[in-house]
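# Observations on chain architecture
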Amino acid sequence: MFCLEARRGTFSTGTPLAPRVAHLARDALVMSSGPLRDEGPTGGFRVRDALAAGVPRSRLTRRDLTAPVHGVRSRKGVPMTTVEAIALVLRDDQFISHVTAARLWGAPLPGPFDDELVHVSSMGVAPVMRRPQVAPHRSRSQGFEVDHVRGIPVSPPARAWFECASLVGETDLVVLGDYFVGPSALATTDALRAAIVPGSRSARKARSALDRVRCGVESPMETRFRLGVIDAGFPEPDVNVDVVDEAGVFLGRADLAWPQHRIALEYDGDHHRERRTFQHDQRRSNGFVVNGWIVIHATAADAGRPAVLVERLRQAFAQRRIEQARRARRDARMSTLA
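Rules and cut-offs
- Residues numbered from 1 in each chain as written.
- Predicted model: local features only at pLDDT ≥ 70, side-chain atom pairs only at ≥ 80, totals over all residues.
- Heavy atoms only, no water.
- Helix = DSSP H or I, 4+ residues; strand = E, 2+ residues; numbered from the N terminus.
- Buried < 20%, exposed > 50% of the residue type's maximum accessible area, 1.4 Å probe, protein only.
- Contact = heavy atoms within 4.5 Å.
- Areas by Shrake-Rupley, 256 points an atom, 1.4 Å probe, with all protein chains shown as cover.
- Pairing = 2+ DSSP bridges.
- pLDDT = per-residue confidence, 0-100.
- Phe/Tyr/Trp six-rings, centres within 6.5 Å; stacked < 30°, edge-to-face > 60°.
- 1 Å grid on protein atoms, 1.4 Å probe; cavity = no way out; pocket = protein on both sides within 12 Å on 5 of 7 lines; lining within 4 Å.
- Points joined across faces, edges and corners; volume = space filled by probe spheres on them.
- Nonpolar A, V, L, I, M, F, W, Y, C, P; charged D, E, K, R; others polar.
- Axes fitted to C-alpha atoms, helices over the stretch in contact; angles between N-to-C directions.
- Expected span 1.5 Å × (residues − 1).
- Core = buried A, V, L, I, M, F, W, Y, C linked by side-chain atoms within 4.5 Å.

### Details of the overall build of the chain
Helix and strand content of the chain: 12 helices and 13 strands. Within the span of the chain, comprising 338 residues, buried residues form 45% of the whole. Of the contacts formed within the chain by residues at least 6 apart in sequence, a portion of 59% connects residues at least 24 apart. A total accessible area of about 18,100 Å² is found for the chain, and carbon and sulfur atoms account for 53% of it.

Structure below.
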């Protein structure tokens, strides 16, 4: 995951590249006579900058250099991702967008998009980027403001979320929305709503997904299980509920819960197999149970085959209905005796 820089600037197609080119050129001069120096935050440099600084083309073909993409060189052994290499050849009117921007913001993307294809948007009527590693897009938005992640110009979080609507399904879009408005605090639901472009092809899907986005969700699987139980006909659960006993002592936090029914749904990811985590989970579950909670545990396997999980939830709600009916009959008898 990339570290984030809280740096924002107004997007302008007229911003000169001279300062950056000058810096690269000065460092490139060192290359012609001695060891290489890393260039900028990504550890690479543009071939045209090196040539403009007087570096012989033959120097750029030596074995101590690699070419991650056409027109870019990096020192051999220095890690460089495709998106970092593409960032070096972006024009001033281009930026990283869509699922690539979402990935740079740390968002959880579905498997098919966890690859090296870089999504690049060009502003206005300027030519789009045509490269084998690039999925080109065109943005006609005016007054656009970019953010930066590790010095790379990217779509702001809310805009990246809406851009993803054209590429992912509604459930995955809700997962992304929960991430952006959740503990990451990269966006708000109002910001996501403002990012939707009226009349666009993805507007309807984005609005539908936004209606299901909730603050406070801490993992993609929590989102998927929350949507799954709702689609199965259960009431919508609260997310990350603090559970206390009758004396107000904190017992733990339930991933998903129906507090009025004292039913909790816990997602146990792989990290729950660790000994210390397992022991903590057992103590917490015991505290829930002795205080009248029904705790149902789910794993990743239940996401693909939810039938058993749905049946356990059905039984839990049925048990609560039976208990409620018994209390109602008891209260009626007590009222009659009084």
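So that's the structure; there's more coming.
### Some details on the sheet that holds strand β3 (residues 65-66)
With antiparallel pairing, the 3 strands of this open sheet are ordered in space as β2-β4-β3. At either margin of the open sheet sits one strand with a lone partner, and together these are β2 (44-46) and β3.

### A word on the confidence of the model for the chain
For the chain, mean pLDDT is 84; residues scoring 70 or higher make up 82% of the total. Here residues 1-22 is a poorly scored stretch, pLDDT under 50, and it has 48 contacts once near neighbours within four places are set aside; other chains count. With pLDDT under 50 throughout, residues 28-41 is counted as low confidence; its partners more than four residues away or in other chains account for 31 contacts.

### Considering the packing of aromatic side chains
Centre-to-centre distance and the angle between the planes together describe a pair of aromatic rings. The final tally for this structure, using the stated rule, is 5 aromatic pairs. Look at Y179 and F180: their rings are 5.4 Å apart centre to centre, the planes differ by 65°, and that puts the pair in the edge-to-face class. The same class applies to Y179 as to F180, namely buried. Between F225 and Y267, the ring centres sit 5.6 Å apart and the planes meet at 40°, which makes this aromatic pair tilted. Highlighted residues: F225 in helix α9 (residues 220-231) and Y267 in strand β12 (residues 263-267), separated in sequence by 42 residues. Residue classification places F225 among the buried positions, given a relative accessible area of 5%. A connected cluster of aromatic rings, assembled from ring pairs, spans F234, W258 and F317.

### Details of empty space enclosed by the protein
Across all of its chains, the model carries 2 cavities of 30 Å³ or more by this definition. What lines the second largest cavity is simply E222, F225, D255, L256, L265, E266, Y267 and A298. The greatest single-element share of the lining of the second largest cavity, amounting to 3 residues, is contributed by β12. Looking at the lining of the second largest cavity, its residues break down into 5 nonpolar, no polar and 3 charged.

### Notes on unusual backbone geometry
Located in the positive-phi region is A185, a residue other than glycine, with phi close to 55°. Within the secondary structure layout, A185 lies in the loop between α6 (170-181) and α7 (189-195). On the basis of relative accessibility, which here comes to 60%, the residue A185 falls in the exposed class.

### Comments concerning the layout of surface pockets
Any space left empty among the atoms is revealed by the rolling of a water-sized probe across them. In this structure, the second largest pocket spans a volume of roughly 480 Å³. If you go around the second largest pocket, you meet 16 residues; those closest to its centre are H98, R138, F162, E163 and S200. Counting only elements with at least two residues in the lining of the second largest pocket, the list comes to β7 (134-139) and α5 (157-164). Across the lining of the second largest pocket, the residue classes tally to 3 nonpolar, 8 polar and 5 charged.

### Considering the sheet that holds strand β11 (residues 250-258)
Strand order in this open sheet of 4 strands is β10-β11-β12-β13, and the pairing throughout is mixed. Only two strands of the sheet have a single neighbouring strand rather than two, namely β10 (238-244) and β13 (294-298). This sheet shows a mean twist of 45° between the axes of neighbouring strands, independent of strand direction. For β10 and β11, the ladder comprises 6 bridges, and the chain directions are antiparallel. Residue V244 lies in a different strand from β11, and its bridge partner there is F250. The strands that α9 touches are β10, β11, β12 and β13; relative to β11, the one it contacts most, it runs at about 50°. Helix α12 (residues 307-337) rests against β11, β12 and β13 of the sheet, and its axis sits at about 175° to β13.

### Observations regarding α9
Compared with an ideal rise of 1.5 Å per residue, which puts 12 residues at 16 Å, α9 spans 17 Å between its outermost C-alpha atoms and is within 8% of the ideal. Taken together, the buried positions of α9 are M221, E222, T223, F225, R226, L227 and V229. Of the residues trailing α9, G233 is marked for its positive phi of about 105°.

### Let's talk about the nonpolar core
Among the nonpolar cores identified, the biggest contains 48 residues, and I86, I96, V120, V154, W161, L173 and F180 are the most heavily contacted of them. For this core, the secondary-structure elements that each account for two or more residues are α3 (82-88), α4 (98-104), β6 (118-123), β9 (152-154), α5, α6, α7 and α8 (203-210). Tallying contributions element by element places α6 first for this core, with 6 residues. Excluding residues that lie within four positions of it along the chain, W161 makes contacts with L173, L176, G177, F180, L192, I196, A206, A209 and L210. Grouped together as the second largest cluster of nonpolar side chains are 18 residues, F225, F234, I263 and A316 included.

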